[in-house]
Structures are given as C-alpha cells and as structure tokens.
Number of protein chains: 2
Amino acid sequence: MKFSAQEEYGLRCLLRIAKESPDDGLTIPEISAAEGLTQANVAKLLRILRMGGFIDSSRGQTGGYKLAKKPEEILIAPVLSALGGRLFESSFCFDHSGVDSICTHSIDCSVRSLWRAVQNAVDAVTMKLTLRDMMNSEEQVQSVVTPLVETIN
Amino acid sequence: MKFSAQEEYGLRCLLRIAKESPDDGLTIPEISAAEGLTQANVAKLLRILRMGGFIDSSRGQTGGYKLAKKPEEILIAPVLSALGGRLFESSFCFDHSGVDSICTHSIDCSVRSLWRAVQNAVDAVTMKLTLRDMMNSEEQVQSVVTPLVETIN
DNA sequence: ACGAATCTTTACAAAAAAGTCAAGATTGAT
DNA sequence: ATCAATCTTGACTTTTTTGTAAAGATTCGT
C-alpha cells in the first residue's frame with residue numbers, strides 16, 4: 001500500500017508552486033532544482049496538473065506555472081486522483097462505479113470490508129485537507145484530521 | 001494510492017485458508033480455483049506468506065496450507081507489509097527508520113504532514129483488524145474502525 | 001518399495017510504470 | 001525583427017512489478 005511516484009512528486013510540485021511564489025509563478029528549472037527532480041520529469045507532472053485544472057501555465061520569457069485557484073479551494077483528493085489514476089483502485093474486487101458495486105472476481109469478496117474501512121479512513125483525511133492546511137504547521141494538520149470521526153460514525 | 005496485486009491476492013489467499021478449511025488445510029489447486037488465480041501465482045504468494053510465518057505448509061498426498069496461528073492472533077498490517085514490501089513507503093520523504101526521521105530530499109518536506117495523517121488513519125484501521133474480524137460481517141468491521149479516534153487524538 | 005499428489009525453487013517472459021530525450025511552439029524583452 | 005527563455009508534445013528507454021514455466025524434492029497411502 002503506497003503512493004505512486006507520480007502522486008508523491010506531483011503533489012510536491014503543486015505544493016512548491018503554492019508556497020514559493022503564489023503571484024509570479026515558478027518555472028520548471030526552479031521547481032526541478034527545489035525538488036531534486038529532472039526538468040523532463042517535472043514537465044511531465046505539471047502537464048497532468050495543468051490538464052486537471054489545478055495550475056495555469058504561461059509561455060515566453062516571463063512564463064511559468066501558477067495555481068489556477070486559491071489554495072484553500074484546492075482539495076488533495078482530486079489532485080491525487082488526477083496524478084495517480086483512480087484513488088483506491090482494487091482491480092478485481094470493485095468495478096469502477098464505486099465501493100458498493102458487485103464483486104466480479106471470487107465467490108465471496110472477503111477483502112471488501114478491509115478495503116472499505118481503509119478507504120473510508122483515508123478518504124476522510126484527504127477530503128478535508130486543502131493545500132492551505134498543508135502549508136501550515138503540523139499541529140494544524142493534526143486538528144484537520146480530527147473530524148475524521150464524523151465520517152466514520 | 002492503491003494496494004499492489006500481491007497485497008490483494010495474497011490477502012485473499014490467506015483469508016481463503018482461514019475461512020474454508022481451518023483444520024485440514026487447503027491445496028494450491030483448491031485456492032487457485034476458488035480465487036481465479038493461476039496455480040503458479042498462488043504458489044508464489046503462499047511462499048511469501050509462509051516465510052512471513054503466517055501459514056504452515058506440508059507436502060505429500062495429504063499436504064496443503066494451514067494458518068500458523070489462530071486467526072485472532074494474525075494482524076492484517078504485518079501481512080500486508082510482508083506481501084507488499086514496506087507499508088506506506090514514501091521513497092524520498094522518509095528514510096526507512098520511521099515517519100519522524102529526517103527528510104533527505106527537498107529543502108522542506110511539505111508532503112510529510114499529509115503522509116503522516118494518512119498513515120495514522122490507515123495504520124489505526126489495519127492494526128485493529130484481525131483475520132477473525134474480517135471473517136465476520138461488515139457491521140463488525142465498522143465497529144472495529146471506530147477506535148480510530150484513539151490513535152488520532 | 002512404489003507412485004500419485006503435493007509443495008519448492010529458480011529462472012524466465014510479459015506488462016506496467018517511471019523516467020528521459022529531442023524537436024517544436026510560443027512569448028516577452030530588447 | 002530578433003533572441004533567449006519558456007512551455008509542449010510525442011516517442012523512446014529503463015526499471016519495476018507481475019505473472020509463467022519447468023524441473024525438482026518431499027510425503028503419504030497402498
């Protein structure tokens with residue numbers, strides 16, 4: 001169970017843009033240097049983020065990347081979803097219409113309950129987390145995590 | 001963010017053994033047929049589970065696989081860990097000694113707080129889930145998820 | 001002892017994911 | 001107009017993950 005490279009690095013790039021230069025924008029070389037990724041790789045990741053509507057780009061001498069919306073309007077879950085394909089894909093257990101759909105694989109889908117429990121938990125966390133939350137201290141993030149209960153109970 | 005194939009299928013095999021035949025044990029062909037996986041693939045997965053100490057195997061005409069311990073003594077988290085490599089590996093952000101270790105990658109590790117929050121959530125779920133819980137109804141699983149709060153707060 | 005049924009291991013092949021490269025298109029400053 | 005700085009795209013290579021194949025070793029019942 002882990003985050004894909006695209007999810008991790010893509011999110012890093014997005015956060016970097018949000019933190020470093022909300023007005024002027026950042027260039028690929030700048031992000032590349034800051035995050036220790038190659039320029040080609042950063043370009044690939046930013047393309048995904050742009051097509052997902054999270055960032056805007058401009059070309060030319062003063063070009064670069066900016067957030068497409070205010071940080072507090074960007075949710076983590078859709079970002080991860082755009083970067084990593086489906087959130088919580090479980091190839092055989094669920095078809096792609098949702099957790100409750102019918103299992104097409106084994107006679108009784110014994111893994112479903114675990115998947116559902118974990119999905120609930122992570123979903124609750126990511127859905128509540130906005131970029132702005134992440135840019136602040138960890139204490140604040142902890143408090144953002146608390147409302148988790150609302151979703152579980 | 002997803003479970004690897006090994007995690008999913010390996011866990012399926014383990015659950016199958018736990019449910020179907022706690023006393024006699026199950027053979028590779030039986031598990032293969034029940035889960036719709038090839039025998040070669042099942043053999044590979046069971047090898048991992050055996051080396052992790054979750055199941056015992058015996059050869060010969062009456063051979064097969066059984067749980068190595070009582071179902072209620074087997075935790076899900078170590079099983080997933082054995083199957084999928086590291087639980088919640090985040091290649092650059094953390095080294096492998098733990099969540100709190102120093103980030104060796106970017107100047108400030110802005111993704112850490114998200115990773116930690118998600119890890120806490122999932123960890124809390126999986127750690128509380130035993131095989132026996134999973135073998136019962138989903139209602140029970142939901143109640144297992146509730147204690148999540150204890151970990152977060 | 002024999003043989004059938006089973007697990008065991010190693011090496012290999014196929015598929016997916018991740019990352020790189022190179023050529024092109026656009027823009028703004030001068 | 002020109003140039004340098006920037007983004008854009010598609011094809012390619014490498015690495016990792018996943019799955020397959022085949023030959024071998026062990027055990028139990030007869």
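Residues numbered from 1 in each chain as written. Chains lettered and ligands numbered in written order. Predicted model: local features only at pLDDT ≥ 70, side-chain atom pairs only at ≥ 80, totals over all residues. Heavy atoms only, no water.

Engineer: Can you help me understand the overall build of chain A in this one?
Structural biologist: Helix and strand counts for chain A stand at 8 helices and 2 strands. For chain A, the sequential pattern of α-helices and β-strands runs α-α-α-β-β-α-α-α-α-α. The burial tally for chain A puts 49% of its 153 residues in the buried class. Sequence separation of 24 or more characterises 53% of the internal contacts of chain A that already satisfy a separation of 6 or more. Element-wise, carbon and sulfur atoms account for 49% of the exposed surface of chain A, whose accessible area totals about 7300 Å². (Helix = DSSP H or I, 4+ residues; strand = E, 2+ residues; numbered from the N terminus. Buried < 20%, exposed > 50% of the residue type's maximum accessible area, 1.4 Å probe, protein only. Contact = heavy atoms within 4.5 Å. Areas by Shrake-Rupley, 256 points an atom, 1.4 Å probe, with all protein chains shown as cover.)

Engineer: Is there a simple way to think about the nonpolar core in this case?
Structural biologist: One recurring pattern in soluble globular proteins: nonpolar side chains tend to sit buried together. Counting residues in hydrophobic clusters, the biggest one holds 75 residues, and the most contacted among them are Leu 11, Leu 46 and Leu 114 of chain A together with Leu 11 and Leu 46 of chain B. In this view, Leu 46 of chain B contacts Cys 13, Ile 17, Ile 28, Ile 31, Ile 55 and Tyr 65 of chain B; residues no more than four positions away in its chain are not counted. (Core = buried A, V, L, I, M, F, W, Y, C linked by side-chain atoms within 4.5 Å.)

Engineer: What is the right way to look at the confidence of the model for chain A in this model?
Structural biologist: As a general rule, the predicted coordinates of low-pLDDT regions are not to be interpreted in detail. Residues and elements named next belong to chain A. Per-residue confidence for chain A averages 74 on the pLDDT scale, and 71% of its residues sit at or above 70. Highest mean pLDDT in chain A belongs to helix α3 (residues 39-51) (97); lowest belongs to helix α8 (residues 148-152) (27). Confidence drops under pLDDT 50 across residues 89-108; counting only partners more than four residues distant or on other chains, this segment forms 46 contacts. (pLDDT = per-residue confidence, 0-100.)

Engineer: Is there a simple way to explain the protein's contact with DNA strand D in this structure?
Structural biologist: Neighbouring DNA strand D are 24 residues, the closest being Arg 50 and Ser 57 of chain A together with Thr 38, Lys 44 and Arg 59 of chain B. What you see for DNA strand D is that sugar and phosphate hold 77% of its atoms within 4 Å of the protein. In this structure, Thr 38 of chain B approaches DNA strand D through a side-chain N or O atom, which is 2.8 Å from a phosphate oxygen. Between DNA strand D and Gln 61 of chain B there is a distance of 3.0 Å, counted from a sugar or linking oxygen to a side-chain nitrogen or oxygen. Counting only elements with at least two residues in the surface near DNA strand D, the list comes to α2 (28-35), α3, β1 (55-58) and β2 (64-67) of chain A together with α1 (5-20) and α3 (39-51) of chain B. A per-class count over the surface near DNA strand D returns 6 nonpolar, 12 polar and 6 charged. (Near = heavy atom within 4 Å. Polar contact = N/O pair within 3.5 Å; in protein donor to acceptor, adjacent residues only side chain to side chain. Nonpolar A, V, L, I, M, F, W, Y, C, P; charged D, E, K, R; others polar.)

Engineer: Just to check I follow, could you spell out the packing of helix α1 (residues 5-20) of chain A against α3 of chain A for this structure?
Structural biologist: The relative placement of two packed helices comes down to the angle between their axes together with the axis-to-axis distance. Residue and element names in this part refer to chain A. At a closest axis distance of 10 Å, the pairing of α1 and α3 adopts a crossing angle of 80°. With respect to each other, α1 and α3 are oriented roughly perpendicular. Counted together, Gln 6, Tyr 9, Gly 10, Cys 13, Leu 14 and Ile 17 of α1 and Val 42, Leu 45, Leu 46, Ile 48 and Leu 49 of α3 form the full contact between these two elements. Residues belonging to the contact of α1 with α3 are distributed by class as follows: 9 nonpolar, 2 polar and no charged. (Axes fitted to C-alpha atoms, helices over the stretch in contact; angles between N-to-C directions. Parallel < 35°, antiparallel > 145°, perpendicular 65-115°, else oblique.)

Engineer: Any chance you could explain the protein's contact with DNA strand C here in plain terms?
Structural biologist: For DNA strand C, the set of nearby residues contains 25 residues, the closest of which are Thr 38, Lys 44 and Gln 61 of chain A together with Arg 50 and Ser 57 of chain B. Of all DNA strand C atoms lying within 4 Å of any protein atom, the proportion belonging to sugar or phosphate reaches 75%. Taking Gly 60 of chain B, its main chain carries an N or O atom lying 3.3 Å from a sugar or linking oxygen of DNA strand C. Take Tyr 65 of chain B: an N or O atom from its side chain is 3.1 Å from a phosphate oxygen of DNA strand C. Looking at the surface near DNA strand C, the elements that each hand over two or more residues are α1 and α3 of chain A together with α2 (28-35), α3, β1 (55-58) and β2 (64-67) of chain B. Classifying every residue of the surface near DNA strand C gives 7 nonpolar, 12 polar and 6 charged.

Engineer: Help me out: how do you make sense of the pairing of β1 of chain B in this one?
Structural biologist: Residues in a regular strand project their side chains so that they alternate between the two faces of the sheet. All names here are of chain B. Two elements, β1 and β2, share 4 bridges in a ladder whose sense is antiparallel. Its bridge partner being in β2, Asp 56 is matched across the sheet by Lys 66. The antiparallel pairing of β1 with β2 creates a hairpin that spans 5 residues between the two strands, and Gly 60 there sits at a positive phi of about 90°. (Pairing = 2+ DSSP bridges.)

Engineer: Could you clarify how one ought to interpret the pattern of salt bridges in this entry?
Structural biologist: When charged atoms on two side chains of opposite charge get close, those side chains can pair. Residues and elements named next belong to chain B. Following the criterion strictly, the structure yields 9 salt bridges over all chains and no others. Glu 8 serves as the salt-bridge partner of Arg 12, at 2.8 Å between the closest nitrogen and oxygen. Of this pair, Arg 12 and Glu 8 both sit in helix α1, 4 residues apart, roughly one helical turn. The same class applies to Arg 12 as to Glu 8, namely buried. As a salt-bridge pair, Arg 16 and Glu 20 come within 3.5 Å of each other at their nearest N and O atoms. (Salt bridge = Lys/Arg side-chain N within 4 Å of Asp/Glu carboxyl O.)

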